Amino acid sequence: MRQFQQKLFCSVPEWVASGTRTLARIGNNQLHYQVGKGRIAPDRGSCRRWILSVPSSPSSHHERDGIQCGSQVLRGPTLHDLAHFRSILSRPDRSIITTLTDEASQRQLSSDSRAEELVRYNQDWTGEYRGSSSLVLRPTNTSEVSSILRYCHENFIGVVPQGGNTGLCGGATPLHDEVIISLEGMNTIYGIDGQSGILTCDAGAILENLHSFANERGYLFPLDIGAKGSCQIGGNVSTNAGGQYFFRFGGLHGTVMGLEVVLPDGRVMHLNMENVDDYGTIQQSKRIASHRKDNTGYDLKHLFIGAEGTIGMITKVSIACPALPTSKNVSLLVCDSYCNVLTVLKTAKEELGEIMSAFELMDYNTLSFVFAHGFGGNESGSRLLHDLLQSESSIQEPERLRPLYLLVETQGSNSVDDASKMDTFLTRLLDSETIINGFLAQDERQLKEMWTIRESCNPCVAQAGCVYKFDVSIPIEDYMEVAWEVKKELSVSMKDVDLIACVWGHVNDGNAHINIVTPGRFKKESAIDKNIEAAVFDSVLKRSGSISAEHGLGQKKNEALGRIKGENVLDVMAQIKGLFDPHGIMNPGKYLPKKT
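Residues numbered from 1 in each chain as written. Predicted model: local features only at pLDDT ≥ 70, side-chain atom pairs only at ≥ 80, totals over all residues. Heavy atoms only, no water.

Remarks on the overall build of the protein chain
A count of helical and extended segments in the protein chain gives 20 helices and 21 strands. Across the protein chain, every contact between residues at least 6 apart in sequence was considered, and the portion connecting residues at least 24 apart equals 70%. Accessible area for the protein chain stands at about 25,100 Å²; split by element, carbon and sulfur atoms hold 49% of it. (Helix = DSSP H or I, 4+ residues; strand = E, 2+ residues; numbered from the N terminus. Contact = heavy atoms within 4.5 Å. Areas by Shrake-Rupley, 256 points an atom, 1.4 Å probe, with all protein chains shown as cover.)

Here is the structure:
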């Protein structure tokens, strides 16, 4: 996109007309404005150019045909921009990765080395989404983030905020050659308040490090997901990640107490985060303070939780941590029907009550892949997995007759009472023949082995073939019905394609991870993808479910947002985007459907 550096300046009257009008010509490419859509769109054949109109704030739907403040080509970075970024970053040799060549960059790395290093920022971990950014900036403090965004805002340069790049919807991957701002260099953990339990850290802090930090001080970090070894808390908050403890501790809208956010124009906001100046510097002899209760004005932090970096960039987070439990129990259970799974869940709520912290489901197909591809556990863990799968005499057809597996965890403060509750729970299930087998962890090692099985679902299924992933919310009573229904429909419409449906997730809050696998075929095929997506979305939506439970929208689901949200809601979302990001530089082309 660097070849298109010119700015387009056209008067508003030129644009407000019926039909499609040619605005300008750059080289052999015409730029068009589709009035009815309120957008400027490039020729689809040009993969390195995109144009965004400034979202209007209409008082009625009909006024959306107008434009408030003009439009601008978003462009990629140039050598001139690179020189500016070098001047504002304190450690440019460490903070800049680029294939733009100037004398300074030539001294650092060869062109091939730089291009190779850029790959991990331009491509998500699944390999499905790839961008072509030529510049990654890794600021080390809030002031540098502010300066970068202010410059990009003034010069209409697209920006992609990036954390650990562990998402599943391409939200942190460039669409074109936007500047990537990685917060991996901002990973300080400032501390945890010994009275309130509120932990404050930079947005680039690794989730697993936050767990260790909190545990060492007698607290439990309330978010736990499979990618905790590489994901960053800023990305977690930006996508409103859920995880296995959502049922026990609630979501991030409840546990996040304060945020520091840099707006697209470089302004810094502290939202229930005191004693930090506008440069992100902690005031001398003071500590960062966030309050559990703050009822002064609009609670703006909630706009940025789950906004996926489209209206600002989170740079600091304060999050409330509960006391570390002194007692923990984990059991793995086998049910021969989903009806019995519901009975187990009801019994768990009755017998375990407030100490139940996780209720995870895995189906037979999923555990078969975990067993076949090695889940990374030790010999005893492998025996446990083998015994789980042997709980049935033979594979049953149809799939709804195959066993389902549950991981149930409790966390509490009284080991004797908690163990008694778990024993009563399991005895009641066995006596009523609600479960056909069960295993109770006897020590910390076995507890970790059971969780390793659960956390191995995603990587092991990925080794079997191409995986078409869906993260959905479904009414709990229909949790398995969607996958079964989709598999039945696809077996007719795509009978020549071998498909295996795998399901796991957090059944107690209705969040299902539905994964359709094509065994032995590792390349994603567009036609198959579209057919599967249509089948899954239709099945979810007819049950009034959600097509995104905790993985966000990104560039994968944004166009389907109109099937979930009404026109008035989409209009207000577009107005919010326009208010915070009038030049449209933040994560362009994602989150909201293009028509908004």
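Let's pick the thread back up.
A word on the pairing of strand β16 (residues 356–363)
With eight of eight residues buried, β16 is to be regarded as a mostly interior element. Here seven bridges tie β16 to strand β17 (residues 404–412), and the two strands are oriented antiparallel to one another. By the bridge assignment for β17, E360 is matched with L407. (Buried < 20%, exposed > 50% of the residue type's maximum accessible area, 1.4 Å probe, protein only. Pairing = 2+ DSSP bridges.)

Thoughts on unusual backbone geometry
Of note, E308 is a non-glycine position whose phi angle comes to about 55°, a positive value. In this structure, E308 sits in the loop between α11 (301–304) and β14 (313–320). Positive phi, normally seen in glycine, also occurs at E433, with a value near 55°.

So, the packing of helix α13 (residues 364–372) against helix α14 (residues 379–389)
Between α13 and α14, the shortest axis-to-axis distance is 10 Å and the interhelical angle comes to 145°. Between α13 and α14 lies a crossing whose hand is left-handed. Contact with α13, carried on its side by Y364, L367, S368, V370 and F371, involves S382, L385, H386, L388 and L389 of α14 and no other residues of that element. Looking at side-chain class alone, the contact of α13 with α14 contains seven nonpolar, three polar and no charged residues. (Axes fitted to C-alpha atoms, helices over the stretch in contact; angles between N-to-C directions. Left-handed = near helix turned anticlockwise from the far one by under 90°. Nonpolar A, V, L, I, M, F, W, Y, C, P; charged D, E, K, R; others polar.)

Looking at the sheet that holds strand β9 (residues 179–182)
Sheet strands pair by backbone hydrogen bonding; their relative direction is either parallel or antiparallel. Strand order in the open sheet formed by four strands is β6-β7-β9-β8, with mixed pairing between adjacent strands. The sheet terminates laterally at β6 (96–98) and β8 (159–162), the two strands that pair on one side only. Neighbour-to-neighbour, the strand axes of the sheet open up by a mean angle of 20°, direction not taken into account. Note that strand β7 (residues 135–137) and β9 share two bridges and pair parallel. Residue V136 lies in a different strand from β9, and its bridge partner there is I180. Against the sheet, helix α2 (residues 79–88) contacts β6 and β7, and its axis sits at roughly 165° relative to β6.

Digging into the state of the cysteines
Taken as a whole and judged by the stated rule, the model has zero disulfides. Here C457 stays unpaired: no disulfide links it, and the sulfur of C460, its closest cysteine neighbor, is 7.8 Å away. (Disulfide = S-S within 2.5 Å.)

Thoughts on the pattern of salt bridges
Counted according to the given criterion, the structure contains 24 salt bridges. When the shortest N-O distance is used, the salt bridge between E455 and K228 registers 3.0 Å. With E455 in helix α16 (residues 444–455) and K228 in the loop between α7 (207–216) and α8 (233–238), this pair connects stretches of sequence that are 227 residues apart. Residue classification places E455 among the partly exposed residues on the basis of a relative accessible area of 30%. (Salt bridge = Lys/Arg side-chain N within 4 Å of Asp/Glu carboxyl O.)

Some thoughts on helix α12 (residues 338–351)
Between its first and last C-alpha atoms α12 spans 20 Å; for 14 residues at 1.5 Å apiece the expected length is 20 Å, and the two agree. Inspection of α12 places Y338, N340, V341, V344, L345, T347 and A348 among the buried residues, and these make up the whole buried set. Viewed end-on, α12 has its buried residues packed into an arc of 165°, placing them on one side of the element. Facing away from the buried side of α12, by more than 90 degrees, are the exposed residues C339 and K346. Here the buried face of α12 lies against β15 (327–335), β16, β17, α15 (415–431) and α18 (481–493). (Expected span 1.5 Å × (residues − 1). Arc of directions from axis to C-beta.)

Remarks on the packing of α12 against α15
One way to put it is that α12 packs onto α15 with a least axis distance of 10 Å and a crossing angle of 150°. Regarding the angle of α12 to α15, the classification is roughly antiparallel. Handedness of the α12/α15 crossing: right-handed. Facing V344, T347, A348, E350 and E351 of α12, the residues of α15 in contact are K421, T424, F425, R428 and L429. Of the residues that constitute the contact of α12 with α15, the class distribution is four nonpolar, two polar and four charged. (Parallel < 35°, antiparallel > 145°, perpendicular 65-115°, else oblique.)

Comments concerning the nonpolar core
Ranked by internal contacts, the top residues of the largest apolar core, which has 58 residues, are L199, F221, I233, V237, L259 and F304. Among the elements that make up this core, the one with the highest residue count is helix α6 (residues 142–155) (five residues). Setting aside residues up to four positions removed in sequence, F304 forms contacts with V237, S238, L259, V261, L263, M269, L271, I311, G312, I314 and F580. (Core = buried A, V, L, I, M, F, W, Y, C linked by side-chain atoms within 4.5 Å.)

Digging into the packing of aromatic side chains
For the structure shown, the criterion picks out five aromatic pairs. Where F304 meets F580, the ring centres are 5.5 Å apart and the plane angle is 80°; that geometry is what we call edge-to-face. On the criterion of sequence distance, the pair formed by F304 in helix α11 and F580 in helix α20 (residues 567–580) is long-range, its members being 276 residues apart. Its relative accessible area of 2% is what places F304 among the buried residues. Taking relative accessible area as the criterion, F580 reaches 14% and is therefore assigned buried. Where Y338 meets Y479, the ring centres are 6.3 Å apart and the plane angle is 10°; that geometry is what we call stacked. Here Y479 lies in the loop between β19 (465–473) and α18 and Y338 lies in helix α12, a separation of 141 residues in the sequence. The buried category is assigned to Y338, whose relative accessible area is 8%. Since its relative accessible area comes to 0%, Y479 is described here as buried. The side chain of R217 reaches across the aromatic face of F213, ending 3.5 Å from its centre. Over the ring of F470 we find K556, and its NZ or CZ is 5.5 Å from the ring centre. (Phe/Tyr/Trp six-rings, centres within 6.5 Å; stacked < 30°, edge-to-face > 60°. Lys NZ or Arg CZ within 6 Å of the ring centre and 35° of its normal.)

Side note on the environment of D224
With respect to the secondary-structure elements, D224 resides in the loop between α7 and α8. A C-alpha to C-alpha distance of 8.0 Å links D224 and G242, two positions 18 residues apart in sequence. Residues contacting D224, with those up to four places away along its chain left out, are H211, G243, Q244 and Y245.

Structural notes on the sheet that holds β14
Spatially, five strands are ordered β10-β11-β14-β12-β13 in an open sheet, and the strand pairing comes out antiparallel. Here the strands that pair on one side only, and so sit at the sheet edges, are β10 (189–192) and β13 (268–271). Going across the sheet, the axis of each strand differs from the next one's by a mean of 10°, ignoring polarity. Relative to the sheet, α7 contacts β10 and β11 (198–202), its axis offset from that of β10 by approximately 35°.

Section: α13
If you check which residues of α13 are buried, you get Y364, N365, T366, L367, F369 and V370. Positive backbone phi, at 70°, marks G374, one or two positions downstream of α13.

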